[in-house]
Amino acid sequence: MEVEIFSGDEFDQQLQAANSNSRKGKKKYHRHNAYQIQRLEAVFKEFPHPDENQRRELGRELGLDPKQVKFWFQNKRTQTKVYI
């Protein structure tokens, strides 16, 4: 078994490289703005289970990916279930 010995600077560089590699593929957390939330809430009251076309159209209107809309509705349904 071979052990590498690094100086302080080399160790820091190796640590940063390892951390940046582990973050690959992670997406930045997205927080919806007030208008998006207001619109999503209004649609939720009428359609708690929007179909794919409704999600796509709503996403286009709000500047969101349809997957983001899908997950928002999933989370909202779960949230309302907990409070009932």
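Residues numbered from 1 in each chain as written. Predicted model: local features only at pLDDT ≥ 70, side-chain atom pairs only at ≥ 80, totals over all residues. Heavy atoms only, no water.

- An unreviewed UniProt entry annotates the protein chain as Homeobox-leucine zipper protein ROC6 originating from Morus notabilis.
- Among the UniProt annotations of the protein chain, the heading Sequence similarities (unreviewed entry) holds the following wording: "Belongs to the HD-ZIP homeobox family. Class IV subfamily."
- What UniProt states about the protein chain under its Subcellular location (unreviewed entry) heading is, verbatim, "Nucleus". (UniProt positions renumbered as here; feature names shortened; annotations may be inferred.)

### Structural notes on the packing of helix H2 (residues 34-46) against helix H4 (residues 66-83)
Inference 1: Relative to each other, H2 and H4 sit at 65°, their axes nearing to 11 Å. The chirality of how H2 crosses H4 is right-handed. Judged by residue contacts, Leu40, Glu41, Val43 and Phe44 of H2 engage Val69, Trp72, Phe73, Lys76, Arg77 and Thr80 from H4.
Inference 2: Looking at the contact of H2 with H4, its residues break down into six nonpolar, one polar and three charged. (Axes fitted to C-alpha atoms, helices over the stretch in contact; angles between N-to-C directions. Helix = DSSP H or I, 4+ residues; strand = E, 2+ residues; numbered from the N terminus. Left-handed = near helix turned anticlockwise from the far one by under 90°. Contact = heavy atoms within 4.5 Å. Nonpolar A, V, L, I, M, F, W, Y, C, P; charged D, E, K, R; others polar.)

### Here's the deal with the layout of surface pockets
Inference 1: Counted as a void, the largest pocket has a volume near 350 Å³.
Inference 2: Taken together, Tyr29, His30, Arg31, His32, Ile37, Glu41, Gln68, Phe71, Trp72, Asn75, Lys76 and Gln79 make up the full set of residues lining the largest pocket.
Inference 3: Among the secondary structure elements, those contributing two or more residues to the lining of the largest pocket are H2 and H4.
Inference 4: For the lining of the largest pocket, the leading source of residues is H4, giving six residues.
Inference 5: In the lining of the largest pocket, the residues fall into four nonpolar, five polar and three charged. (1 Å grid on protein atoms, 1.4 Å probe; cavity = no way out; pocket = protein on both sides within 12 Å on 5 of 7 lines; lining within 4 Å. Points joined across faces, edges and corners; volume = space filled by probe spheres on them.)

### A look at the packing of H2 against helix H3 (residues 52-62)
Inference 1: Packing of H2 against H3 leaves a shortest axis separation of 11 Å and a crossing angle of 155°. Classified by the angle between their axes, H2 and H3 sit roughly antiparallel to one another. Read as a crossing pair, H2 and H3 show a hand that is right-handed. The segment H2 lies against H3, with Tyr35, Gln36, Arg39, Leu40 and Val43 engaging Leu58, Glu61 and Leu62. (Parallel < 35°, antiparallel > 145°, perpendicular 65-115°, else oblique.)

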